[in-house]
Each structure stands twice: as C-alpha cells, then as structure tokens.
Amino acid sequence: MIRVDLHTHTNHSHARDSVRQMFEAGQRYGLAVQGFSEHSPRPEGYDYPTEYREHLAATFEGYISEVRELQAEAEDCQVLLGLEADWLEDEVPYLRGMVQAHDYDYVIAGIHFLGHWGMDSSAADWEKLSTEEKYSLYERYYGTMEKMAGTRLFQIVAHPDLVKIFSVDDFRAWLDMPGSLKLVRRALSAVKDAGMAMEISSAGLRKPCREIYPGPRILRIARELGLDITFASDSHATEQVAWSFDKLAAYAAAEGWRESMVFTREGVRRMAF
Ligand SMILES: [Zn+2]
Ligand SMILES: [Zn+2]
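If you're wondering where the values come from, they're calculated on a predicted model, not measured in any experiment. (Residues numbered from 1 in each chain as written. Chains lettered and ligands numbered in written order. Predicted model: local features only at pLDDT ≥ 70, side-chain atom pairs only at ≥ 80, totals over all residues.)

Participant: Describe in detail the pairing of strand S2 (residues 33-39), supporting the description with residues and values.
Facilitator: Extensive coverage of S2 is indicated by the burial of seven of its seven residues. The sheet contact formed by strand S1 (residues 4-5) and S2 spans two bridges and is parallel. Paired with valine 4 across the two strands is valine 33, which belongs to S2. This β-α-β element, S1 to helix H1 (residues 19-29) to S2, shows right-handed connectivity. For the crossover that starts at S2, traverses helix H2 (residues 53-73) and ends in the parallel strand S3 (residues 78-86), the hand is right-handed. (Buried ≥ 20, exposed ≤ 12 C-beta atoms within 10 Å, placed from the backbone. Helix = DSSP H or I, 4+ residues; strand = E, 2+ residues; numbered from the N terminus. Pairing = 2+ DSSP bridges. Right-handed = clockwise from strand over helix to strand, strands pointing away.)

Participant: How would you summarise the pairing of strand S11 (residues 267-272) if you had to cite specific residues and measurements?
Facilitator: For a regular strand, the rule is simple: side chains alternate between the two faces of the sheet. Burial within S11 is sparse, with just zero of its six residues counted as buried. Bridging between strand S10 (residues 259-264) and S11 involves six bridges; their strand directions are antiparallel. Pairing of phenylalanine 263 across the sheet is with valine 268, part of S11. Connecting the antiparallel pair S10 and S11 is a turn made up of two residues.

In short, geometric facts, not functional conclusions.
Quick look at the structure:
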C-alpha cells in the first residue's frame, strides 16, 4: 500500500479545500507522510484563462503557516512543506529566488507552460493545432524538461507527460516516430543526473487523456534508467487525496519498483509500498 502522497493542493490556489481538510482526508486514508505542494506564485505574463494569481499571491504566506502548524500538531503522520513550482524556462533567476524563499522540504517542478502559454488548461487551444504543430510541442516539452533538470533547483519532476493531456492519440503516435523516445530518454536522464525523482501521478486518469502520468512507454524508460519515483494524487479536493493509489502501486510494481522516495529537509529516504 502506498502511504505517502507528495502532491496535494489547497484553497490557497485554485483547489477547493483547506490545508486542514486535505490533511484530515489523508488521515482517513491512512497516509504516513503527506506532502503539501501548493502552486507557486507566478510572474506577470504567464497567464491562465482562469487566473488565480492574485488570490495565491495574497494568501501564500498563510499556506506556509498553516502547513507549519500542522507539522507541529500531527502525531501519526509526517507533514511536509513542499511547493509545485511552475517551470518557466526564461525566468530562472525568479525561480531561484522562489525556491529559496522558504525552507521547503522539497520542490516539485511542474511543466505547465511552454513559453508564455499555459498548455494544460484548454482543449480548444489544442484542437486548433495541426499534427506537426503538436509534435513540435511534444519535442519542446521534453527539451525544456532537460533544461529544468539542469538547473538543479528541484527534487521531483511532476506529471512527466502532461503534454499529452488533450491529445493522447497524437502523443502516442509521436512516441512511435524516429527520435522521440530518444528525446524522452535524454530528458529523464537529465532528471536522474540532477538527483531528482520522477512522479507517478493518478491525476492523468481524471483528465481527458485518461492515462496515468507517465504512460507505460515512458515509465519503462524511467525504469531502464534507474530513476527513483514518488507517488502523487495532484489532489485539488479532499476526495482526491491518495486517489487511485492502488492502481499506481500495481503500475509501478509491475515495472519492478518496490519503494518510493520521501524528500525532507533532513534528508531523503525510501519507503516501501
Ligand atoms: Zn501540475
Ligand atoms: Zn499539482
């Protein structure tokens, strides 16, 4: 059984429930480790159609203090203070300042933006694209993942094939094209070289791609490279905490993993599942 969920959001961003409510859901499930990984403040110019920037900026310090309060209180569960930082290729100094602003247990890199475009929010954006345009975005996604890892700013790469969210059939066809798997392999090698772990996330099952992040072929490459893994629900509401973790456990175990990683300020450890 997976007893650690390192990827949960709260109502400090666009999620529905509070830090405490999310924690209580984790308790009901039986988590031994619950990591909060709220979205990061984002500079101007990187916008979503449904923007929560102002709300998050106004309330972010409250997120930090509420998680700290729980850390002090929780007895049967280790509570971790994390962050899901938007990877913004042209904003490395900004990101460096952000990850250093608090004493996080870990920072997850989420690649949601390609350039200034938040690529994971609108199916309509993707419907307008030709197959070739989609293929070049998939390439760009893995190219920027390699750059992200090279900064050594992060501990975990989130949902490592999020770019398939609205076009999973095209994405699978792209994986069959010469050179595609090589790009994926290069990106995941950079993740490994940076000492990072790769997240296996049930969120993809709730999204239009209807597939765990990452899909089976990318999971296989990660295994071949000897990558460490973490487990993630990417929950935005209490009923999503540790959601479908039985499926994630079977999926990872079938490739040979027996342990996932826990990142804390005190160090890294492995937990059997
Ligand atoms: Zn994310
Ligand atoms: Zn997330």
